[in-house]
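One-letter residues, chain by chain:
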Amino acid sequence: PGSIKQERHVAEVGDEVFVLHVPFGYSLELLTTDMQRPRLFTFDQKGNMLVGSRSGHVYKLKPPYTWPEFILILSDYPHSLALRGEYLYIAQTSGLFRIPYQPDATELDEGDLELVAKIPGGWGHNSRSLKVGAEGRLYVSLGITGNCSDEYLDDSYPANDRRGGVMVLDESVQPAQWKAWASGLRNPVGFDWHPETGVMYASNNGPDHLGYDQPPEAFARLERGSFHGMPWYQFDGSQINRDPCISSKPPRTDVTRPVATFPARNAPMDVHFINDGHLDSQFHGDAIVALHGSWGTKPDGGSSGHPASRRPPALALVRFEQGRAVRVDDFVTGFQNEKGERFARPMGLGTGPDGALYMTSDGGINGLFRLSPKEQAPAR
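Anyway, here's the lowdown on the structure attached to this text. Since the model is a prediction, treat every value here as computed from it, not as a measurement.

**Points about the nonpolar core**
Step number 1: Core analysis: the largest hydrophobic core is formed by 30 residues, its most contacted members being Ile-288, Leu-315, Phe-331 and Phe-343.
Step number 2: Elements that contribute at least two residues to this core include exactly strand 2 (16–23), strand 3 (26–32), strand 24 (287–291), strand 25 (314–321), strand 26 (324–332), strand 27 (344–351) and strand 28 (357–373).
Step number 3: In terms of residue count, strand 28 provides more of this core than any other element does, five residues in total.
Step number 4: Of all hydrophobic cores here, the second largest spans 16 residues; its members include Val-116, Ile-119, Leu-153 and Leu-169.

The following block contains the structure:
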């Protein structure tokens with residue numbers, strides 16, 4: 001794939017000015033600011049958008065997605081949602097639930113929620129990302145508690161310590177049980193499948209205890225049974241190293257290296273592959289990754305430095321050739337200005353029925369953005 005040509009867009013928020021860089025010929029439009037800490041989202045059969053949130057609200061937005069209404073409020077952090085059949089599945093910190101759903105629903109009753117399977121809960125990296133695979137199976141990702149927590153996604157660990165990777169739900173048994181798909185991931189918030197190969201890829205947040213520049217954030221190819229090292233091993237950009245922060249014996253030594261990386265402390269979130277009919281042909285088969293931006297600052301990665309030294313939020317594009325990741329390009333940048341003020345912090349990603357890219361932001365502006373070719377941007 002060729003390099004991405006970008007153009008400047010100037011956005012003013014109060015007294016602050018942000019110079020955004022978006023793909024040439026595209027427009028980034030703010031659709032609404034009326035959601036509280038929105039996270040991942042999905043679309044129903046009629047094109048309505050359903051959005052989870054850290055605030056506990058489950059939002060519903062009808063096209064053109066400018067007016068959110070909450071249809072359910074939950075206390076255990078409904079980070080992500082997925083639709084399968086006549087049910088809306090909701091991944092909360094401590095469990096996967098489902099509730100009957102029809103596209104014309106204006107309100108859902110919490111009393112109708114049914115527990116599908118418990119998920120190891122607790123504090124620290126308490127988001128649970130849910131997606132439905134092409135074969136209809138339910139996948140959930142979850143992180144370990146902290147930087148070096150002795151937690152591993154395997155039956156050899158206590159049930160509450162089975163964290164750090166992607167699980168798939170085995171519904172051939174009752175009650176349904178989680179099985180490890182890929183392990184050794186510290187906090188894989190985003191994952192998706194390549195549209196041509198069907199291979200799963202995930203973003204992964206590295207730890208904070210090694211400073212501001214190590215280790216790089218990872219974009220990993222996830223195979224059934226693959227092990228990605230954390231917290232026992234770290235990839236420094238060229239080789240795998242043993243991390244002395246944890247003294248327990250590593251469960252495995254066959255560490256799978258990332259296929260791409262981002263600068264350390266970028267906090268990658270959702271991952272979304274661009275399929276045929278989405279955006280334009282130059283991006284087909286590439287993966288957009290939402291970079292949330294760091295909380296830490298230079299030089300040591302703590303919170304005492306100047307805000308402008310934080311890693312800036314952005315959308316990155318992992319470029320693929322013949323089904324293999326080859327490099328990372330900037331896709332949308334400029335969400336942080338030279339003062340360190342932030343216009344947005346990208347979180348959830350998805351393609352709408354119109355083929356445009358939608359992005360939630362849960363920092364700076366809390367709301368929803370739409371990236372589309374200029375001639376397709378709806379009149380406001």
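**With respect to the packing of aromatic side chains**
Step number 1: Scanning the model with the defined rule gives 20 aromatic pairs in all.
Step number 2: Cluster of aromatic residues (ring-pair linked, three or more members): Phe-41, Phe-43, Tyr-65 and Tyr-358.
Step number 3: The ring centre of Tyr-87 lies 3.8 Å from the NZ or CZ of Arg-98, which sits over that ring.

**As for the environment of Leu-28**
Step number 1: Examined against the element boundaries, Leu-28 turns out to sit in strand 3.
Step number 2: Through-space distance from the C-alpha of Leu-28 to that of Leu-357 is 9.4 Å; in sequence the pair is 329 residues apart.
Step number 3: Excluding anything up to four places from it in sequence, Leu-28 contacts His-9, Leu-20, Val-22, Val-332, Phe-335, Phe-369, Arg-370 and Leu-371.

**A word on the layout of surface pockets**
Step number 1: Taken as a whole, the largest pocket encloses approximately 760 Å³ of empty space.
Step number 2: Along its surface, the largest pocket is lined by 29 residues, and Thr-42, Lys-131, Val-132, Asp-192 and His-272 are the ones closest to its centre.
Step number 3: At the level of elements, strand 4 (38–43), strand 8 (80–84), strand 12 (129–132), strand 16 (191–193), strand 23 (268–273) and strand 27 are the ones that each hand at least two residues to the lining of the largest pocket.
Step number 4: Its residues assigned to classes, the lining of the largest pocket shows 15 nonpolar, 10 polar and four charged.

So, how was this worked out
Residues numbered from 1 in each chain as written. Predicted model: local features only at pLDDT ≥ 70, side-chain atom pairs only at ≥ 80, totals over all residues. Heavy atoms only, no water. Core = buried A, V, L, I, M, F, W, Y, C linked by side-chain atoms within 4.5 Å. Buried < 20%, exposed > 50% of the residue type's maximum accessible area, 1.4 Å probe, protein only. Helix = DSSP H or I, 4+ residues; strand = E, 2+ residues; numbered from the N terminus. Phe/Tyr/Trp six-rings, centres within 6.5 Å; stacked < 30°, edge-to-face > 60°. Lys NZ or Arg CZ within 6 Å of the ring centre and 35° of its normal. Contact = heavy atoms within 4.5 Å. 1 Å grid on protein atoms, 1.4 Å probe; cavity = no way out; pocket = protein on both sides within 12 Å on 5 of 7 lines; lining within 4 Å. Points joined across faces, edges and corners; volume = space filled by probe spheres on them. Nonpolar A, V, L, I, M, F, W, Y, C, P; charged D, E, K, R; others polar.

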